[in-house]
Amino acid sequence: SSGINAEYGGCGSGLLGICAKRMEPQSTVHFQDYNEEVIANFTIKNYHKNCGEQDTHTVKFISGDWSVVTKHLAKYDLIVSAETIYNINSQHKVLNILIDHLSDNGCALIASKRHYFGVGGGVIDFQRLVESSGLLKCEVVWSQESGLLRDILRVYKIK
């Protein structure tokens, strides 16, 4: 197996990307977080603690705003992101990353609260934005219906 090519946006401690590398060591994983301090103090350290120093040519750590980091990203089979669509004013940046960096047969999994009070955003607004693009489709693949309402969206290119 040649593994997958994955991007983990808003990666924080990097757990999903670390799991991907441990399950499919041949995979390329790019970890991205808005905060440089998070990448330096948590993501990189956690990656090396769990995956060692080997095979670092298939791993990249990127910090910055979605609109800035796009030039450092590739085409991905899988984009995973959590808690990145909380602000309605930033959702278009996430949408552009998906349009520009999802491979033709790739998909994105976006985990989020259904609604964020005070800043707008959330799943419902993002679904509308994705559908209005005319380039991507999205569907809810998991929901938590009690307590804090949360969903996971699968986003993919229209063929």
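Residues numbered from 1 in each chain as written. Predicted model: local features only at pLDDT ≥ 70, side-chain atom pairs only at ≥ 80, totals over all residues. Heavy atoms only, no water.

> Sorry if this is basic, but what is going on with the nonpolar core here?
Soluble globular proteins tend to pack their nonpolar side chains together in the buried interior. Core analysis: the biggest nonpolar cluster contains 22 residues, and L98, F126, L136 and V155 have the highest contact counts within it. Among the secondary structure elements, those contributing two or more residues to this core are helix 3 (66–69), strand 4 (76–82), helix 4 (91–101), strand 5 (102–113), helix 5 (123–133), strand 6 (136–144) and strand 7 (150–157). No other element matches the five residues that helix 4 contributes to this core. Look past the residues within four positions of F126 in its chain and what remains in contact with it is I85, Q91, V94, L95, L98, I110, L153 and V155. (Core = buried A, V, L, I, M, F, W, Y, C linked by side-chain atoms within 4.5 Å. Buried < 20%, exposed > 50% of the residue type's maximum accessible area, 1.4 Å probe, protein only. Helix = DSSP H or I, 4+ residues; strand = E, 2+ residues; numbered from the N terminus. Contact = heavy atoms within 4.5 Å.)

> Help me out: how do you make sense of the packing of aromatic side chains in this one?
Within a pair of aromatic rings, the relevant descriptors are the distance that separates the centres and the angle that separates the planes. This model, assessed by the stated rule, comprises five aromatic pairs. When the ring of F31 is compared with that of Y47, the centres are 5.8 Å apart and the planes differ by 65 degrees; the resulting orientation is edge-to-face. One end of the pair, F31, is in strand 2 (residues 28–33); the other, Y47, is in helix 2 (residues 36–51), with 16 residues separating them in the sequence. Considered together, F31 and Y47 belong to a single accessibility category, that of buried residues. Summarising the aromatic geometry, the rings of Y86 and Y116 are spaced 6.1 Å apart at their centres and angled 65 degrees between planes, so their arrangement reads as edge-to-face. In this pair, Y86 sits in the loop between strand 4 and helix 4 while Y116 sits in the loop between strand 5 and helix 5, placing the two residues 30 residues apart along the sequence. Owing to a relative accessible area of 42%, Y86 belongs among the partly exposed residues under this scheme. A relative accessible area of 9% places Y116 in the buried class. (Phe/Tyr/Trp six-rings, centres within 6.5 Å; stacked < 30°, edge-to-face > 60°.)

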